[in-house]
Amino acid sequence: MSVVFVASSLLPTPFGVFTMHGFLDEQTGKEHVALTMGTVDDDAPVLGRLHSECLTGDALFSMRCDCGYQLEAALQAIAAEGRGVLLYLRQEGRGIGLLNKIRAYALQDEGADTVEANERLGFAPDMRDYAICKPMLAHLGIAEVELMTNNPRKVKALEGFGIRVAKRKALQIGLNPHNRKYLETKAGKLGHLLGEIHQGEAEQS
Ligand SMILES: Nc1nc2c(ncn2[C@@H]2O[C@H](COP(=O)(O)OP(=O)(O)OP(=O)(O)O)[C@@H](O)[C@H]2O)c(=O)[nH]1
Ligand SMILES: [Zn+2]
């Protein structure tokens, strides 16, 4: 794994001032980012999130998924604790890239679900490899996290390369009529732990 640290700077946000650490994957040319707040290399479990890039949800306000809502909620949670880490991983479209994600969305517009769409395009449902996180967390001095996710694969992946996951914290937010089917497919076919949110949010709305 050839992910190397390149530079750090401050990153002021509406939620607080983070430190941004830039990394380069020399094999793929992908540029990954970690945002940290507070002291994270002191051996106590760090509130953390692995966030896979979603240009449409994170930057373009898409309601087809829950990514933008989760990104904001994770940064807010870290700011509220005054300590934490968010790895922003350039794994657009669960690893198939933006243009293929648009192709997959086109198939979904015609009725396919998110898994079927990937498969029709010749991809596995989820192509992400979390090994890039290992050198990033090592650089930051983080060995144990409380992970904000509904995705058990992320927990398994971290534990697989020696990062302790002291706790999984559900990150269930942003359910709307446009992403209900997407979230149901994630729960039904990809193993995401989302059951309660659907009930909870449906009852509230
Ligand atoms: N291929 C494909 N990717 C999608 C689709 N909708 C969203 N994505 C991508 O799915 C990924 C979602 O990332 P995350 O929110 O970090 O991961 P997650 O597996 O949902 O897990 P948690 O949010 O941690 O519970 C991003 O890379 C999105 O670009 C889709 O319909 N097809
Ligand atoms: Zn998204």
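The structure displayed is predicted, hence computed values, not measured ones.

A. Examining the coordination of the zinc ion (ligand 2) more closely. For the zinc ion (ligand 2), every protein donor is listed as Cys-54 (SG), Cys-65 (SG) and Cys-67 (SG), and the spread of their distances is 2.1 to 2.2 Å. Overall, Cys-65 belongs to the buried group, its relative accessible area being 2%.

B. Quick look at the environment of Asp-42. With respect to the helices, strands and loops of the structure, Asp-42 is situated in the loop between strand S3 (31-37) and strand S4 (46-52). Given the relative accessible area of 40%, Asp-42 is considered partly exposed. Asp-42 sits 101 residues away from Ala-143 along the chain, and the two C-alpha atoms are 9.5 Å apart. Within the local environment of Asp-42, its side chain forms a polar contact with the side chain of Arg-83, the two groups lying 2.7 Å apart.

C. Structural view of the sheet that holds strand S7 (residues 164-169). The mixed open sheet is built from seven strands, whose spatial order is S1-S2-S3-S5-S4-S6-S7. The outermost strands of the open sheet, each flanked by one partner alone, are strand S1 (3-13) and S7. Averaged over all neighbouring strand pairs, the angle between strand axes comes to 25°, with direction disregarded. Bridging between S4 and strand S5 (residues 84-89) involves five bridges; their strand directions are parallel.

D. Molecular detail of the UniProt feature "binding site: GTP" (unreviewed entry) in the chain. When the UniProt feature table is mapped to this numbering, "binding site: GTP" (unreviewed entry) covers Arg-49, Leu-50, His-51, Ser-52, Glu-53, Gln-70, Glu-92, Gly-93, Arg-94, Thr-114, Thr-149 and Lys-154. On the basis of their most widely separated C-alpha atoms, the annotated residues across 106 residues do not gather in one place, lying as much as 22.6 Å apart. For Leu-50, a relative accessible area of 4% translates into the label buried. Leaving out residues up to four positions away in the same chain, Leu-50 has contacts with Leu-87, Leu-89, Tyr-130, Cys-133, Leu-147, Lys-154 and Leu-158. For His-51, the position within the fold is in strand S4. Look at His-51 and you get buried, because its relative accessible area is 1%. If we skip the residues at most four places from it in the chain, His-51 touches Asp-58, Cys-67, Gln-70, Leu-71, Leu-86, Leu-87, Tyr-88 and Leu-89. A distance of 3.1 Å separates the side chain of His-51 from the side chain of Arg-49, its partner in a polar contact.

E. The site of ligand 1, seen in detail. Within the structure, ligand 1 sits among 26 residues, and Gln-70, Arg-128, Thr-149, Lys-154 and Lys-186 are positioned closest to it. The separation between an oxygen atom of ligand 1 and a polar main-chain atom of Ser-52 is 2.9 Å. Secondary structure elements with two or more residues in the shell around ligand 1: S4, helix H2 (67-81), helix H3 (98-109), helix H4 (114-120) and helix H7 (180-189). Per-class residue counts for the shell around ligand 1 are six nonpolar, twelve polar and eight charged.

F. Up close: the side chain of Asp-58. Position of Asp-58 among the secondary structure elements: in helix H1 (residues 55-59). Comment: no salt bridge for buried Asp-58; closest opposite-charge side chain is Arg-49, at 7.5 Å. Within the structure, the side chain of Asp-58 is placed 3.0 Å from the side chain of His-51, a separation counted as a polar contact. Separated by 2.6 Å, the side chains of Asp-58 and Tyr-88 make a polar contact. Those residues in contact with Asp-58, other than ones at most four positions away along the chain, are His-51, Ser-52, Glu-53, Cys-67, Gly-68, Leu-71 and Tyr-88.

G. Summary view of H3. Between the first and last C-alpha of H3 there are 16 Å, a value that for twelve residues agrees with the 16 Å anticipated at 1.5 Å per step. The complete set of buried residues in H3 reads Asn-100, Lys-101, Ala-104, Tyr-105, Leu-107 and Gln-108. Considered in projection along H3, the buried side chains sweep an arc of 160° and stay on one side of the axis. In H3, the exposed positions that point more than 90 degrees away from the buried face belong to Leu-99 and Asp-109. Against the buried residues of H3 lie H1 and H4. Once H3 ends, the next one or two residues include Gly-111, with phi positive near 120°.

H. The pairing of strand S6 (residues 144-148), seen in detail. Taking burial as the measure, the five residues of S6 include five buried ones, the bulk of the element. Burial of S6 is two-sided: the residues Glu-144, Glu-146 and Met-148 facing one way and the residues Val-145 and Leu-147 facing the other way are all buried. Pairing geometry for S6 and S7, over five bridges, is parallel. Residue Leu-147 lies in a different strand from S7, and its bridge partner there is Arg-168. Assessed by its sense of winding, the connection that carries the chain from S6 through helix H6 (residues 152-160) to S7 is right-handed.

Conventions used here
Residues numbered from 1 in each chain as written. Chains lettered and ligands numbered in written order. Predicted model: local features only at pLDDT ≥ 70, side-chain atom pairs only at ≥ 80, totals over all residues. Heavy atoms only, no water. Donors = N, O, S within 2.8 Å, 3.2 Å for Na, K, Ca; no water. Buried < 20%, exposed > 50% of the residue type's maximum accessible area, 1.4 Å probe, protein only. Helix = DSSP H or I, 4+ residues; strand = E, 2+ residues; numbered from the N terminus. Polar contact = N/O pair within 3.5 Å; in protein donor to acceptor, adjacent residues only side chain to side chain. Pairing = 2+ DSSP bridges. Axes fitted to C-alpha atoms, helices over the stretch in contact; angles between N-to-C directions. UniProt positions renumbered as here; feature names shortened; annotations may be inferred. Contact = heavy atoms within 4.5 Å. Near = heavy atom within 4 Å. Nonpolar A, V, L, I, M, F, W, Y, C, P; charged D, E, K, R; others polar. Lys, Arg positive; Asp, Glu negative; His and termini not counted. Salt bridge = Lys/Arg side-chain N within 4 Å of Asp/Glu carboxyl O. Expected span 1.5 Å × (residues − 1). Arc of directions from axis to C-beta. Right-handed = clockwise from strand over helix to strand, strands pointing away.

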